[in-house]
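Close look at the chain arrangement
The residues making up each chain are set out below.
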Amino acid sequence: MFKNFVIGLIFTAGVFLPSFSDKSVATPLLKVQNSLPYPAADNNGDYRIVNGNSGVMPFVWEVVDPEGLNVRCEDRTGDSNQMDILNSPVNRVIPNGEKFDAVGIFLDRRGKPWLWVGSHSMGRYRCWVRANKNYVQPFQRINRNME
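Owing to the predicted nature of the structure, the values given are computational and were not obtained by experimental measurement.

**Quick notes on the packing of aromatic side chains**
Overall, the coordinates contain 5 aromatic pairs when judged by the stated rule. When the ring of F59 is compared with that of W61, the centres are 6.2 Å apart and the planes differ by 55 degrees; the resulting orientation is tilted. The buried category is assigned to W61, whose relative accessible area is 0%. With a centroid separation of 5.5 Å and an interplanar angle of 65 degrees, the aromatic rings of F106 and W116 are classed as edge-to-face. With F106 in strand β10 (residues 99–107) and W116 in strand β11 (residues 113–117), this pair connects stretches of sequence that are 10 residues apart. Residues F106 and W116 agree in their burial class; the two are buried. Through pairs of rings, three or more aromatic residues link up here, namely Y47, F59 and W61.

**Considering the nonpolar core**
Generally speaking, nonpolar side chains in soluble globular proteins are found buried as a group. Within the largest apolar cluster, 19 residues are counted, with the highest numbers of intra-cluster contacts made by W61, L69, F100, I105, L115, V129 and V136. The greatest single-element share of this core, amounting to 4 residues, is contributed by strand β7 (residues 56–63). Among residues more than four places away in sequence, those in contact with I105 are P39, Y47, R48, I49, G55, M57, W61, P113, W114 and L115. I85, F106, W116 and W128 belong to the second-largest nonpolar core, a separate cluster that totals 6 residues.

**A look at the side chain of D65**
Within the fold, D65 resides in the loop between β7 and β8 (69–75). Non-local contacts of D65, meaning those with residues more than four positions away in its chain, are made with N96, N134 and Y135.

**Side note on the confidence of the model for the protein**
Residues of the protein with pLDDT of at least 70 account for 64%, and the chain-wide mean is 74. When the elements of the protein are averaged for pLDDT, strand β1 (residues 7–12) gives the smallest value, 32, and strand β9 (residues 90–94) the largest, 94.

**Re the pattern of salt bridges**
Under the counting rule described, the total for this entry stands at 5 salt bridges. R130 is the salt-bridge partner of D46, the closest N and O atoms lying 2.8 Å from each other. In this pair, D46 is assigned in the loop between β5 (38–41) and β6 (47–50) and R130 in strand β12 (residues 125–130), connecting sequence segments 84 residues apart. No difference in accessibility class separates D46 from R130, as the two residues are buried. Where K99 meets E62, a salt bridge forms, and the shortest distance between an N and an O atom there is 3.9 Å. Residue K99 is found in strand β10, and its partner E62 is found in strand β7; the two are separated by 37 residues along the sequence. When its relative accessible area of 38% is taken as the criterion, K99 is described as partly exposed.

**Thoughts on the side chain of D46**
Its relative accessible area of 2% is what places D46 among the buried residues. Among the polar contacts listed, one links the side chain of D46 to the side chain of N132, at a separation of 2.8 Å. The contacts of D46, once residues within four sequence positions are left out, are A40, A41, K112, P113, R130, A131 and N132.

**Quick word on the pairing of β11**
Most of β11 sits out of view: 5 of its 5 residues are buried. Both β10 and β11 contribute to a ladder of 5 bridges, which runs antiparallel. Bridge pairing links F106 to W114 in β11. Count of turn residues in the β10/β11 antiparallel hairpin: 5 residues, of which G111 carries a positive phi of about 90 degrees. Sheet topology note: the β11/β12 ladder contains 4 bridges and is antiparallel. Looking at the pairing, W116 lines up with W128 of β12.

Calculation notes
Residues numbered from 1 in each chain as written. Predicted model: local features only at pLDDT ≥ 70, side-chain atom pairs only at ≥ 80, totals over all residues. Heavy atoms only, no water. Phe/Tyr/Trp six-rings, centres within 6.5 Å; stacked < 30°, edge-to-face > 60°. Buried < 20%, exposed > 50% of the residue type's maximum accessible area, 1.4 Å probe, protein only. Helix = DSSP H or I, 4+ residues; strand = E, 2+ residues; numbered from the N terminus. Core = buried A, V, L, I, M, F, W, Y, C linked by side-chain atoms within 4.5 Å. Contact = heavy atoms within 4.5 Å. pLDDT = per-residue confidence, 0-100. Salt bridge = Lys/Arg side-chain N within 4 Å of Asp/Glu carboxyl O. Polar contact = N/O pair within 3.5 Å; in protein donor to acceptor, adjacent residues only side chain to side chain. Pairing = 2+ DSSP bridges.

As structure tokens, this is what we get:
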């Protein structure tokens, strides 16, 4: 009786669609939540942290600006430990296609997001690049678990 009854399972955008000849029935899958923070660009191309309530979100990023990416660095010793991104001088340029580590995303005094460049938050210099899809794109999460 069921020999000619063909069931085709199609997986599309998180929904199984069992096909019974010419009819389909949508069955939602159990949605798995990603609780780890990740970057997402808004309508202006500025990256924000999703699932995070602080700026820390270790990621590897890739430069996509054909002209390269300006890196602003500040000396953290003495009175200069103010985290004034906008007044920090351009220290170097990261070439297009190069990947770099970033500690997370932080906002300047105008509310614009910047990536804290480097693999950790310790050190004399703190360096920044704009967190905007015109300049960078997320490449890979950095796993900081010490298990």
